[in-house]
Amino acid sequence: MRTRPLKVALLGCGVVGSEVARIMTTHADDLAARIGAPVELAGVAVRRPSKVREGIDPELITTDAMALVKRGDIDVVVEVIGGVEPARTLITTAFEQGASVVSANKALLAQDGAALHAAAEEHGRDLYYEAAVAGAIPLIRPLRESLAGDKVNRVLGIVNGTTNFILDKMDTSGAGYSEALDEATALGYAEADPTADVEGFDAAAKAAILAGIAFHTRVRLDDVYREGMTEVTAADFASAKRMGCTIKLLAICERAADGESVTARVHPAMIPLSHPLASVRGAYNAVFVESEAAGQLMFYGPGAGGSPTASAVLGDLVAVCRNRLNDATGPGDSAYTQLPVSSMGEVVTRYHISLDVADKPGVLAQVATVFAEHGVSIDTVRQQGKDGEASLVVVTHRAPDAALGGTVAALRKLDTVRGVASIMRVEGE
Ligand SMILES: NC(=O)c1ccc[n+]([C@@H]2O[C@H](COP(=O)([O-])OP(=O)(O)OC[C@H]3O[C@@H](n4cnc5c(N)ncnc54)[C@H](OP(=O)(O)O)[C@@H]3O)[C@@H](O)[C@H]2O)c1
C-alpha cells in the first residue's frame, strides 16, 4: 500500500458533509485498504466557523473554500455545499488545480452537467455524483457502467422522499395535502419552504440527470416537463382506490417507440397497486429501469438523509481515489447519441379525468363525442348522479398528451360540463 495519503478537501459540513467526515475518520483503515492508500481530510470549508463540529479537528475548518481548493496539494474535492454558486466555480477551479471531484449537487449537475464534464475531461480528472440522484441508492453507476452494454428504454421512479411521504400519508390516512405536509414538516421530512420538493423541481433535476445518462444524450433541466403534487386531493385517492391504483409523484424518462427521440417528465400519476413502485412507502425512493436485454430492474432504498447520502459520496470517493492511484479516469460524459427531447404533447399515456356535469339525459353521449373528435378512445366511464348534478369519471386508452389537452379544452366549453375536477395520468400498466 502507498503510504503517502491522498488529500481530500471537504466543501460543506452540513447534513451530508458531517457524515462524510465521520465515516472518513471512523472507517479510515478500511478505506485505505480498499483504495490502496490512506485518505486524509486536508480541510473542511463551511460558512459558520464557530459552529461546534463533533469529531472534526477545528484546525481543518476554513471559511475560504476557494483558498482550500487552490492549495495545490488536493487530490479530491468533495462538494456538498449545494446550490449553483459558489459550487460551480469551486468545482471548475478544482479541475484546473488537477483535483478530481465528487459532488451530491443535483441542481448544479442538472443545469451545468455538460460544462462540468467538459472541464473534468479537459483536465483529465473524474466527476462523480452518485449521491445527486436518489441518495444512497446505486443508480448512476449501474446506468453508466453495469448497463453500458444494454439499451435502456425507460426509467420510471420515485426520486423525492418528501413528496412520497406526503402522498403515502394521504393514501393511508385519508388526510388532505395540507395536513400531510404539516406532518412531513413536523417530522423533518419537509423543509420550511417545501417548494422545490412539492412543485417537482427537485425530481425534475434528477430526471434530467437520469435521462441524459440512460439514453446517452443531453437532457437539460428546461427539457423536463414538470407538474407538482399540491393539487392532488383526497378525492383523487378515493378515485385511484376504486381503480385498484394509488398516486405517486413520478419521474419518467422514455425513449420513443421509434427510438429517434426521448422525453423526460415529472408529475403525479396513478399506478396500479400491483406495480412494484406502488409499495414504496414513507420517504423511500425507488427507480424502475427497463432495458432491452436485462428487462425490468428495480433499485430501492433511502433517497436522502445524512448517513445514506454520505454512503454514496464515500463510494464515489473510493472510486476516484482508485482512479488517481492508477493514473486513470472512470467513465465520463457519454452524450453521443444527441437524441432530441420531445415535448410533453407527444407523450403517449392513459388518463383518468373527473368531470362535474349536469345530471340529465344526453350528457354522456355529448362527452363521448368530444373524446372521439380528438381521437382519444375511452376505456371506462363511471357516472354518479345526485340532485341534478353528477360526476363523470372517464378513463382513456393510450393517447398523446396534446390530444388529451384538446379534449379537455373542448369539454370545458360544453354547457353541460360544470367543471373538470381533476386530470391524472395513469402509468405503469
Ligand atoms: N440532505 C440530504 O439528504 C441530501 C440528499 C442527497 C443530496 N443532497 C445534496 O447534498 C448537498 C448538501 O446538502 P446538505 O443537506 O448537507 O446541506 P446543508 O446541511 O445545508 O449543508 C451545507 C454545508 O455547506 C456549507 N456552506 C454553505 N455555503 C458555503 C460557502 N459559500 N462556503 C463554504 N461552505 C458553505 C454550510 O456551512 P455551515 O455548516 O457553516 O452552515 C454547510 O456546512 C446538496 O447539493 C444537496 O442537494 C443532500
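Residues numbered from 1 in each chain as written. Predicted model: local features only at pLDDT ≥ 70, side-chain atom pairs only at ≥ 80, totals over all residues. Heavy atoms only, no water.

Chemist: Looking at this structure, I do not really get the site of the ligand. What am I missing?
Modeler: Close to the ligand lie 21 residues, the nearest being Cys 13, Val 15, Val 16, Arg 48 and Gly 305. Interatomic distance of 2.8 Å between a backbone N/O atom of Val 16 and an oxygen atom of the ligand. When the ligand sits alone it has 900 Å² of accessible area, and the protein chains cover 79% of it. (Near = heavy atom within 4 Å. Polar contact = N/O pair within 3.5 Å; in protein donor to acceptor, adjacent residues only side chain to side chain. Areas by Shrake-Rupley, 256 points an atom, 1.4 Å probe, with all protein chains shown as cover.)

Chemist: Would you mind going over empty space enclosed by the protein with me for this structure?
Modeler: Vacant regions in the atomic arrangement are exposed by a probe of water-molecule size rolled over the atoms. Scanning all chains against the criterion turns up one cavity of 30 Å³ or more. Approximately 50 Å³ is the volume attributed to the largest cavity. Taken together, Tyr 128, Tyr 129, Glu 130, Ile 140, Arg 141, Arg 144 and Asp 316 form the lining of the largest cavity. In terms of residue count, the dominant contributor to the lining of the largest cavity is helix 6 (residues 140–146) (three residues). Looking at the lining of the largest cavity residue by residue, the class counts come to three nonpolar, no polar and four charged. Of the domains in this structure, domain 1 (6–135 + 306–325) and domain 2 (140–302) are the two that each give at least three residues to the lining of the largest cavity. (1 Å grid on protein atoms, 1.4 Å probe; cavity = no way out; pocket = protein on both sides within 12 Å on 5 of 7 lines; lining within 4 Å. Points joined across faces, edges and corners; volume = space filled by probe spheres on them. Helix = DSSP H or I, 4+ residues; strand = E, 2+ residues; numbered from the N terminus. Nonpolar A, V, L, I, M, F, W, Y, C, P; charged D, E, K, R; others polar. Domains from an automatic or database assignment.)

Chemist: Where do I start with the environment of Asn 285 in this structure?
Modeler: For Asn 285, the location among the structural elements is in strand 11 (residues 284–291). When the C-alpha atoms of Asn 285 and Val 8 are compared, they prove to be 29 Å apart, with 277 residues separating the residues in sequence. Beyond its immediate chain neighbours, meaning those up to four positions away, Asn 285 contacts Ala 134, Ile 137, Ile 158, Val 159, Asn 160, Gly 161, Val 280, Phe 299, Tyr 300, Gly 301 and Gly 303. (Contact = heavy atoms within 4.5 Å.)

Chemist: What exactly am I supposed to notice about the packing of aromatic side chains here?
Modeler: Think of a pair of aromatic rings as described by two things: how far the centres are apart, and how the planes are tilted against each other in angle. Under the counting rule described, the total for this entry stands at two aromatic pairs. Between Tyr 284 and Tyr 300 the ring centres are 5.3 Å apart and the planes differ by 10°, which places this aromatic pair in the stacked class. Of this pair, Tyr 284 sits in strand 11 while Tyr 300 sits in strand 12 (residues 295–302), placing them 16 residues apart in sequence. The exposure class assigned to Tyr 300 is partly exposed, which follows from its relative accessible area of 47%. The ring of Tyr 128 has Arg 144 lying over it, and the distance from NZ or CZ to the ring centre is 5.9 Å. (Phe/Tyr/Trp six-rings, centres within 6.5 Å; stacked < 30°, edge-to-face > 60°. Buried < 20%, exposed > 50% of the residue type's maximum accessible area, 1.4 Å probe, protein only. Lys NZ or Arg CZ within 6 Å of the ring centre and 35° of its normal.)

Chemist: How should I be thinking about the pairing of strand 5 (residues 100–103) in this particular structure?
Modeler: Successive residues of a regular strand alternate their side chains across the two faces of the sheet. Covered by surrounding structure in strand 5 are Ser 100 and Val 102 together with Val 101 and Ser 103, the residues of both alternating faces. When strand 4 (residues 76–79) meets strand 5, the two strands line up parallel, connected through four bridges. When the bridges of strand 5 are listed, Val 78 appears paired with Val 102. What joins strand 4 to strand 5 is helix 4 (residues 87–96), and the crossover it makes is right-handed. With helix 5 (residues 106–122) bridging strand 5 and its parallel neighbour strand 6 (residues 127–128), the resulting β-α-β unit is right-handed. (Pairing = 2+ DSSP bridges. Right-handed = clockwise from strand over helix to strand, strands pointing away.)

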